[in-house]
Amino acid sequence: MNEDKIRIGEAAKILGVTTQTLRNWERSGKIVPERSVGKQRYYSLETLNKFALDIQKLGLAWSISAIPPDLPSEYYCERADRFTSRLSKMGEILLRTENVSQDLASLITLVVGEIGDNSFAHNIGNWPDATGIFYAYDFTKRIIVLADRGRGIKATLQQIRPSISTDLEALTVAFTEVISGRNPEKRGNGLKVVRRVLESNEINFIFRSGIGLVSIFPSKKMEITMADNNIRGTYCVIIF
Amino acid sequence: MQTIHLNKFGNVLVSRPAGLEAFNAIRPQLDPNETVQIDFSDVLTVTPSWLDEFLTQLTDFNNGNVILLPTQNASVLAALPVLAEARQDHVATIVKQAMKQQ
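Residues numbered from 1 in each chain as written. Chains lettered and ligands numbered in written order. Predicted model: local features only at pLDDT ≥ 70, side-chain atom pairs only at ≥ 80, totals over all residues. Heavy atoms only, no water.

Draft legend 1. Up close: the packing of helix α5 (residues 80–95) of chain A against helix α6 (residues 102–123) of chain A. Residue and element names in this part refer to chain A. Following both chains from N to C, one finds α5 and α6 inclined at 165°, their axes separated by 9 Å at the closest point. Accordingly, the angle class assigned to the pair α5 and α6 is roughly antiparallel. In this structure, α5 crosses over α6, and the sense of that crossing is right-handed. Facing α5, whose interface residues are Ala-80, Phe-83, Leu-87, Met-90, Gly-91, Leu-94 and Leu-95, α6 presents Gln-102, Ala-105, Ile-108, Thr-109, Val-112, Gly-113, Gly-116, Asp-117 and Phe-120. Here the residues of the contact of α5 with α6 sort into 10 nonpolar, five polar and one charged. (Axes fitted to C-alpha atoms, helices over the stretch in contact; angles between N-to-C directions. Helix = DSSP H or I, 4+ residues; strand = E, 2+ residues; numbered from the N terminus. Parallel < 35°, antiparallel > 145°, perpendicular 65-115°, else oblique. Left-handed = near helix turned anticlockwise from the far one by under 90°. Contact = heavy atoms within 4.5 Å. Nonpolar A, V, L, I, M, F, W, Y, C, P; charged D, E, K, R; others polar.)

Written out as structure tokens, the structure reads:
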């Protein structure tokens, strides 16, 4: 058997689960093996590596580490045009994803588009160290993660409202008021639409900046609380 | 009556710079004295930033003579009420008219 064709027993060891769990995951479509000519299951190393990778931890590392960690190139958008092109592709994949309606695909793409675009729009010319964003999704786990090492929401909004003194206050303003860190441009509606979408759909959302944490869960109103560690720019997890 | 089919600009329309670029690209084909209809067919997502920028430019250009065609696009339907509340200009007027027709 080819080196890249890993049998179920070995695959189970790599992922730290039992072979029965892998069979259950196959039935539910979570991770589907390929079949050899003799109908034997096998997994490619690439599939297993991708499955084992925890994109939440990787995104968090990108947004909290003192020194920017290396990122797999497929998760790093150095410039906005790469983000936009990957977002369009994500929209197409969402439309083909099981149990995702066209409306849900449209709205998830809206949320991701606004969050990712904000990272670029509010940090252009002002990135403290590494430019660009971490942007990864895994639709077997129905999760999307975005993170940046920018100035964060408080520093952005303090430019036009110096009285904002905490991360919690900054996040409250960002998600509830029409205000823009790029005043006097007529902008600042995006996060209000994001909140509206999240509060009326089956989407779990957390967004962090500094020590502030915004949580919006299905059928619940937005909550803004304090997290126990500091995010340099922003960090966002969307689960649907 | 002129019609702008937004799917000419892509399936996912995101960011203000892209909204401005789209308007600049289509402007030479538009007559400022004629009403413009916006058709959202065959577009997956229009983000509020793109829509706001595109409508701002377009309504400045033809003095608000814009009609948003009825649509079931979820991203557009989510953005319209926020734009209607946030703006107090031509954009708010045409968005409110569109919301009445949905």
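And the narrative resumes.
Draft legend 2. The arrangement of the sheet that holds strand β5 (residues 66–68) of chain B in detail. Residue and element names in this part refer to chain B. Spatially, the three strands line up as an open sheet ordered β1-β3-β5, and their pairing is parallel. Of all strands in the sheet, those with a lone pairing partner are β1 (2–5) and β5, marking the two edges. Direction aside, the axes of adjacent strands within the sheet are offset by 25° on average. Bridge count between β1 and strand β3 (residues 36–39): four bridges; the pairing is parallel. Bridge pairing links His-5 to Asp-39 in β3. (Pairing = 2+ DSSP bridges.)

Draft legend 3. View of the nonpolar core. All names here are of chain A. Ranked by size, the top nonpolar core spans 79 residues in total, and within it Tyr-135, Ile-144 and Phe-205 carry the most contacts. Here the element with the most residues in this core is α6; it accounts for nine residues. Setting aside chain neighbours within four positions, we find Tyr-135 in contact with Glu-74, Tyr-75, Cys-77, Phe-83, Arg-86, Leu-87, Met-90, Val-112, Ile-144, Val-145 and Leu-146. Counting 13 residues, the second largest nonpolar core, distinct from the first, contains Ile-55, Trp-62, Ala-136 and Tyr-235. (Core = buried A, V, L, I, M, F, W, Y, C linked by side-chain atoms within 4.5 Å. Buried < 20%, exposed > 50% of the residue type's maximum accessible area, 1.4 Å probe, protein only.)

Draft legend 4. Structural view of the pairing of strand β7 (residues 204–216) of chain A. Judged by how many residues are buried, β7(A) sits mostly within the fold: 10 of 13 residues are covered. Between the antiparallel neighbours β7(A) and strand β8 (residues 223–239) of chain A lie six residues, among them A:Ser219 with a positive phi of about 60°.

Draft legend 5. How the structure looks around the confidence of the model for chain B. Here chain B averages 94 in pLDDT, and 100% of its residues register 70 or above. What the predictor reports for the complex is a pTM of 0.86 with an ipTM of 0.94. (pLDDT = per-residue confidence, 0-100.)

Draft legend 6. How the structure looks around the sheet that holds strand β2 (residues 34–35) of chain A. Residues and elements named next belong to chain A. Here we have three strands laid out as an open sheet, ordered β1-β3-β2, and antiparallel in their pairing. The open sheet has two edge strands, β1 (5–6) and β2, and neither has a second partner. Taken together, the two bridges between β1 and strand β3 (residues 41–44) define a ladder with antiparallel strand orientation. Among the inter-strand pairings, Ile-6 is bridged to a residue of β3, identified as Tyr-43. Packing against the sheet, helix α3 (residues 45–52) makes contact with β1 and β3, and its axis sits at approximately 65° to β3.

Draft legend 7. Region of the structure containing the side chain of A:Asn189. Secondary-structure assignment places A:Asn189 in the loop between α8 (167–176) and α9 (190–199). Setting aside its immediate chain neighbours within four residues, A:Asn189 contacts A:Val178, B:Arg16, B:Asp52, B:Val82, B:Leu83 and B:Ala86.

Draft legend 8. Region of interest: helix α1 (residues 8–15) of chain A. Residues and elements named next belong to chain A. What α1 keeps buried is the set Ile-8, Ala-11, Ala-12 and Leu-15. Looking straight down α1, one finds that the buried residues subtend no more than 100° of arc, so they occupy a single side. In this structure, the buried residues of α1 make contact with β1, α2 (19–28), β3 and α3. Remark: Gly-16 follows α1 within two positions and exhibits a positive phi of approximately 75°. (Arc of directions from axis to C-beta.)

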